[in-house]
Structure formats: C-alpha cells, structure tokens
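Here are the chains, one letter per residue:
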Amino acid sequence: MSDFREQALHYHAHPVPGKISIELTKPAETVKDLALAYSPGVAEPVREIAADPANAYKYTGKGNMVAVISNGTAILGLGNLGPLASKPVMEGKALLFKRFAGLDSIDIEVKHRTTEDFINTVANIADTFGGINLEDIKAPECFEIEKALIERCEIPVFHDDQHGTAIVTAAGMLNALEIQGKDIQDAIIVCLGAGAAAIACMELLIKCGAQREHIYMLDRKGVIHTRRDDLNEYKQLFANNTDKRTLQDVISDADVFVGVSGPDLLSADDLKLMADKPVVFACSNPDPEINPELAHSARADLIMATGRSDYPNQVNNVLCFPFIFRGALDVRATAINDEMKIAAVEAIRSIAKEPVPEQVLTAAGVESLAFGAQYIIPKPMDPRLLPRIAKAVAHAAIESGVAQIELPANYMADLEA
Ligand SMILES: NC(=O)C1=CN([C@@H]2O[C@H](COP(=O)(O)OP(=O)(O)OC[C@H]3O[C@@H](n4cnc5c(N)ncnc54)[C@H](OP(=O)(O)O)[C@@H]3O)[C@@H](O)[C@H]2O)C=CC1
Ligand SMILES: CC(=O)C(=O)O
Ligand SMILES: [Mg+2]
C-alpha cells in the first residue's frame, strides 16, 4: 500500500507537477500571427462579442470549456480539508473531461466566508465558460449553491456529486436488480449517508420506480425518522415513520445497500442480515463502506460495486459527467434537466448489455466481460460512452426545449461507426 502511495505521489509530481496544462490552438510564431492573435487583431472579436454575446461561442474557447469548481468541503470521502487540498481532485476531473470527452477544463478552488460569497464568486465568472461542474461541496450548502447558480447563470450548472453520482447509481442499480431478478418498486433500500450524493441518488431512484417509503436513509446519528427534530429540509424528505433506529435495524432483509458516507461503516455481519441476492453499492472514495473481498466472503449471492477503478463494477460519476457535458454543450443547452439525466441513465444501462469491444478488454486487463454480477455497468474507457451518452443527452435537451442550437448533421457518427 505504501508502494501505491509512492506511485500516486510520483505520478502527480513528475515529469511536471500536476495533471493538466494549457495548449495553443492557433499559430503564434510570426509578427503577423501575433498581430492577429493579440493587438491589433484581437480587437475585432472583442467588438463582435460586445455587439452580440453569442459571438463568444464563435471567437473564443467558451463553448468547449467547463470549469470544475470546489470549496473543498467534502473532498471525496476525506471530508472538509479546504479548497487548496481539493486541487488534485479538481485537476483530476479536468483530466477526465479532456480524456473522455475532448472538453477543455480548468479547476477553480474557491476560498470563501459565507455561502453567498461562494455563489457570488462563481456567478461573477460564469460567462467565461460553456458549463460549470460543481464538485465536492458538502450538503446541505451544496443544494442552496446549485439552486442559486442555476437561477443566475445562463450556462448549465451541474453538481456532479449529486447528479453524476445519481445517474451512474441508477443505471448500475437497475441493471443489478434485473440480474438479481428483483423489481425496483418492491426493493427495500438502505442508504448510508444523507448528504449531496445520498439525497440525489435516492431522488433519482424514486424517479426510476423506487418507493420513497421503502427507503431508509441514515446519517451519523442513525436512521432518519419522523420523530427527529434535527433534520434539515433535504433529510426531512426521507424521514420514515418507523421505530427502527440503527443500521442493523434497517439492513435486516433489505434488498439494496447504497453507501455514500465513509470508509468501513458496513460490517460482514451487517451484510449477512440482508435479504437473498442483495445489491451493495459501497461508493465512498477512496475507501468503500465495505471492502469487496470481505463482502464476497460473507455473501456468495451478492452483487457488489464500489467507486474505485481497481475492482469490478465501478459506480463512479466519471461514467457520466464528461459525456453529459459534451451533449449539453454541443447543443448549447441552458440547463441539464431531468429529461437529460434519464437519457444518460438509459444510455449507460444499455451499453452494459452489449458485447464488449476488444480494446476495453485490453484496457481492463481481462479476457472477457459479459452482462452479469461482475459486469453491471460499462468501463470508463469504453469508447461507446461518448457518442451514445452525448447523443442521447443532446436529443433530450432539444426535445425538452433547453437547447439553443440544432445538432450538426451526423453528430457523433464517426465515433459510433
Ligand atoms: N462513487 C462516486 O461516484 C461518488 C462517491 N461519493 C462518495 O460519497 C461520500 C459522500 O460524499 P458527499 O455526499 O459529496 O458528501 P456530504 O458531505 O454531502 O455527505 C456526507 C454524508 O455522509 C454521512 N456520513 C459521514 N460519516 C458517516 C458515518 N460514520 N455514519 C453515517 N453517515 C455518515 C454524513 O452524515 P451527517 O449528515 O450526519 O454529517 C453526510 O450525510 C464520499 O465518501 C464520496 O467519496 C460521492 C460522490 C460520487
Ligand atoms: C467520485 C467523486 O466525485 C467523489 O467521490 O466525490
Ligand atoms: Mg466528488
């Protein structure tokens, strides 16, 4: 493990510190080049944009640029370690935007005193970008922040830990339940965690058919129930009228466990209490709520997923955010709405049921992958994710009335071939 720690630190430090840099898209070698790129030539697009702000999409990188913005209050499952400490994660998200969707992305870590300060800072710089990906901002402030920024910004604002996680969780969950022969409408669901990811995951599972009264949500104080007087308005939506108080109370005979809380909070004994053929998504990063080896040794009839790349079934928002922004930006969507989110869920789900390309097997280092307990969801390096999700999302944006331009003819056709 310490070897892996050394490798991770070395990866981040060499050959240059960090994971992203800026590249030029125009020649800048000659006097003529500089006259076009800077003074006097740059004045021409300035005048065009001043006359019509939409020209920023024609003459600048705005339309292909996403800002990854955090205040570092919920860095993965590591907690509130501040804005600067979140920078490796935010650079990582920028790397993933570029690698998987060709989107330019820059990380911005914001130090602030009040939530209003944060909102003002982001709203005041929003026009620079084609979209804003909020990241690792803790609940409940994240809900107020996202709502205010959606109202104030003309570009899509998307809190990835809420909606990216929810989309991937829903896609994986529907597939896992199908494999286990269970219907989401009947499933008893335990959600450990009641923050950004938890609330959004459960709301989307409800939109996909789960029954709100079948969901038991827990925070650090235990089960969220109607007699608690310490619940914020978001937790209140999941308050059960129940006498159950502990994880052990609610996990007995549960069909599903979703962990979006912290490391090692689910024991093998807890797992043994679950119903036959359970589904366990232990999504806390970097360390899941239960170690997969421990979980599989406790239950042979289990479908297990984590947020990590080094185990089967990676339920991680990387399967969503690069591609949903690609589709949204390509039709200049003003928002990422529920229709676009559901389109992403269906696109992700369907890919897992199809034969897996050779290059994915090679990248995953396995000989075969087929829809089943060890493969409920596509791998992030699957080249079908980009065209399929982006296209589904762009069409959903057009059909739901938030797109500002039509899709180009044959959109993504070369990548789908
Ligand atoms: N795999 C993936 O794609 C993703 C995984 N995650 C993971 O989900 C986790 C939460 O992230 P996020 O929602 O953004 O963070 P938040 O800070 O918004 O929420 C954290 C929640 O976890 C609860 N929690 C923490 N420790 C415990 C504990 N010991 N027992 C019970 N509940 C606990 C907190 O309870 P309380 O309300 O009482 O403080 C809170 O409700 C992280 O580990 C993160 O890595 C998040 C996004 C994506
Ligand atoms: C994956 C991710 O966004 C998180 O763990 O916070
Ligand atoms: Mg995150």
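What counts, and at which threshold
- Residues numbered from 1 in each chain as written.
- Chains lettered and ligands numbered in written order.
- Predicted model: local features only at pLDDT ≥ 70, side-chain atom pairs only at ≥ 80, totals over all residues.
- Heavy atoms only, no water.
- Helix = DSSP H or I, 4+ residues; strand = E, 2+ residues; numbered from the N terminus.
- Buried < 20%, exposed > 50% of the residue type's maximum accessible area, 1.4 Å probe, protein only.
- Contact = heavy atoms within 4.5 Å.
- Lys, Arg positive; Asp, Glu negative; His and termini not counted.
- Charge placed at Lys NZ, Arg CZ, Asp CG, Glu CD.
- Expected span 1.5 Å × (residues − 1).
- Near = heavy atom within 4 Å.
- Polar contact = N/O pair within 3.5 Å; in protein donor to acceptor, adjacent residues only side chain to side chain.
- Nonpolar A, V, L, I, M, F, W, Y, C, P; charged D, E, K, R; others polar.
- UniProt positions renumbered as here; feature names shortened; annotations may be inferred.
- Salt bridge = Lys/Arg side-chain N within 4 Å of Asp/Glu carboxyl O.
- Axes fitted to C-alpha atoms, helices over the stretch in contact; angles between N-to-C directions.
- Parallel < 35°, antiparallel > 145°, perpendicular 65-115°, else oblique.
- Left-handed = near helix turned anticlockwise from the far one by under 90°.
- Pairing = 2+ DSSP bridges.
- Areas by Shrake-Rupley, 256 points an atom, 1.4 Å probe, with all protein chains shown as cover.
- Phe/Tyr/Trp six-rings, centres within 6.5 Å; stacked < 30°, edge-to-face > 60°.
- Lys NZ or Arg CZ within 6 Å of the ring centre and 35° of its normal.

K.L.:
Would you mind going over the overall build of the chain with me for this structure?
P.N.:
Counting its regular elements, the chain contains 18 helices and 10 strands. In terms of overall dimensions, the chain has C-alpha extents of about 75 × 50 × 50 Å along its principal axes. Here the chain holds 417 residues, and the buried ones make up 50% of them. Considering only contacts within the chain whose residues lie at least 6 apart along the sequence, 67% involve residues at least 24 apart. One way to put it: in the chain the 39 positive side-chain charges average out to a point 2 Å from where the 58 negative ones average out.

K.L.:
Even after reading the chapter, I still don't get helix α17 (residues 385–399), so can you show me in this structure?
P.N.:
Given 3.6 residues per turn, any residue in an α-helix points the same way as the ones three and four places further on. With 15 residues, α17 should cover 21 Å at 1.5 Å per step; its first-to-last C-alpha distance of 21 Å lies within 8% of that length. Looking at α17, one finds that the buried residues are Leu-385, Leu-386, Pro-387, Ile-389, Ala-390, Val-393, Ala-394, Ala-396 and Ala-397. Where α17 is buried, its residues touch α5 (87–101), α14 (321–330), α15 (338–352) and α18 (413–416).

K.L.:
Sorry if this is basic, but what is going on with the site of ligand 2 here?
P.N.:
Taken together, Leu-76, Lys-93, Glu-135, Asp-136, Asp-161, Asn-285, Asn-316 and Asn-317 make up all the residues around ligand 2. Within the side chain of Asp-136, a nitrogen or oxygen atom sits 3.1 Å from an oxygen atom of ligand 2. Contact between ligand 2 and Asn-317: an oxygen atom at 3.0 Å from a side-chain N or O atom of the residue. A breakdown of the residues in the shell around ligand 2 according to their chemical character gives 1 nonpolar, 3 polar and 4 charged.

K.L.:
Hey, could you run me through the UniProt feature "domain: Malic enzyme NAD-binding" (unreviewed entry) in the chain in this one?
P.N.:
Per the UniProt record, the feature "domain: Malic enzyme NAD-binding" (unreviewed entry) sits at residues 162–398. As a span, residues 162–398 carries 41% helix and 10% strand, and end to end its C-alpha atoms are 23 Å apart.

K.L.:
Hey, could you run me through the side chain of Glu-91 in this one?
P.N.:
Counting through the fold element by element, Glu-91 comes out in helix α5. Residue Glu-91 is classed as buried on the basis of its relative accessible area, which comes to 11%. Only 3.0 Å separates the side chain of Glu-91 from the backbone nitrogen of Lys-19, close enough to count as a polar contact. Excluding its chain neighbours within four sequence positions, the residues that come into contact with Glu-91 are Gly-18, Lys-19, Ile-20 and Asp-107.

K.L.:
Even after reading the chapter, I still don't get the pattern of salt bridges, so can you show me in this structure?
P.N.:
Charged atoms that come close allow side chains of opposite charge to pair. Applying the stated criterion across every chain yields a total of 29 salt bridges. Taking the shortest distance from any N to any O, the salt bridge between Arg-227 and Asp-243 comes out at 3.3 Å. You can see Arg-227 sitting in the loop between β7 (222–223) and α10 (233–236) and its partner Asp-243 sitting in the loop between α10 and α11 (247–251), a full 16 residues away along the chain. By relative accessible area, which is 53% here, Arg-227 ends up exposed. In this structure Asp-243 comes out as exposed when scored by relative accessible area, which is 61%.

K.L.:
What is the right way to look at the packing of α14 against α17 in this model?
P.N.:
Relative orientation and spacing of two packed helices are given, respectively, by the angle between their axes and the distance between those axes. Closest axis-to-axis distance for the α14/α17 pair is 7 Å, and the angle between their directions is 45°. The orientation of α14 relative to α17 falls into the category oblique. Our pair here, α14 against α17, has a crossing hand that is right-handed. Of the residues in α17, those in contact with Phe-323, Ile-324, Arg-326, Gly-327 and Ala-328 of α14 are Leu-385, Leu-386, Ile-389, Ala-390, Val-393 and Ala-394. For the contact of α14 with α17, the per-class residue count stands at 9 nonpolar, 1 polar and 1 charged.

K.L.:
What is the right way to read unusual backbone geometry from this model?
P.N.:
Comment: phi is negative for the bulk of residues other than glycine, and the bulk of peptide bonds are trans. Of the consecutive residues His-14 and Pro-15, the connecting peptide bond is found in the cis state with omega at 0°. Here Pro-15 shows up in the loop between α1 (2–13) and α2 (31–37). Unlike most non-glycine residues, Asp-264 shows phi in positive territory, near 55°. Along the chain, Asp-264 falls in the loop between β8 (256–259) and α12 (268–272). Not every positive phi belongs to a glycine, and Asn-410 is a case in point at roughly 60°. As for its position among the elements, Asn-410 is in the loop between α17 and α18. The exposure class of Asn-410 is exposed, given its relative accessible area of 65%.

K.L.:
Please explain the sheet that holds β8 as it appears in this structure.
P.N.:
Pairing between the strands of a sheet comes from backbone hydrogen bonds, and it takes one of two forms, parallel or antiparallel. Strand order across the open sheet formed by 6 strands is β7-β6-β5-β8-β9-β10, with mixed pairing between neighbours. Each edge of the sheet is formed by a strand with only one pairing partner; in this case those strands are β7 and β10 (303–306). Helix α8 (residues 160–180) contacts β8, β9 (279–282) and β10 of the sheet and is inclined by roughly 155° relative to β9. Against the sheet, helix α9 (residues 196–207) contacts β5 (189–192), β6 (215–219) and β8, and its axis sits at roughly 175° relative to β6.

K.L.:
Hey, could you run me through the site of ligand 1 in this one?
P.N.:
Taken together, 26 residues form the shell around ligand 1, and within it Ala-194, Ala-197, Arg-220, Lys-235 and Ser-284 come nearest. Between Cys-283 and ligand 1, the recorded distance is 3.2 Å, taken from a backbone N or O atom to a nitrogen atom. Calculation on ligand 1 without its partners gives an accessible area of 910 Å², and the protein chains cover 86% of this total. Listing elements by their share of the shell around ligand 1, those giving two or more residues are α8 and α9. Across the shell around ligand 1, the residue classes tally to 11 nonpolar, 10 polar and 5 charged.

K.L.:
Can you help me understand the packing of aromatic side chains in this one?
P.N.:
Geometrically, a pair of aromatic rings is defined through the distance of the ring centres and the angle of the planes. Within this structure, the stated rule accounts for 5 aromatic pairs. Plain terms: the ring middles of Phe-97 and Phe-325 are 5.5 Å apart, the flat faces sit at 80° to each other, and that makes the pair edge-to-face. Taken together, the residues Phe-97 in helix α5 and Phe-325 in helix α14 connect sequence positions 228 residues apart. Taking relative accessible area as the criterion, Phe-97 reaches 0% and is therefore assigned buried. An aromatic cluster of at least three residues, connected via ring pairs, comprises Phe-97, Phe-158, Phe-321 and Phe-325. Just above the ring of Phe-238 sits the side chain of Arg-212; from NZ or CZ to the centre is 5.0 Å. Its guanidinium or amino end placed over the ring of Tyr-57, Arg-332 lies 4.1 Å from that ring's centre, counting from NZ or CZ.

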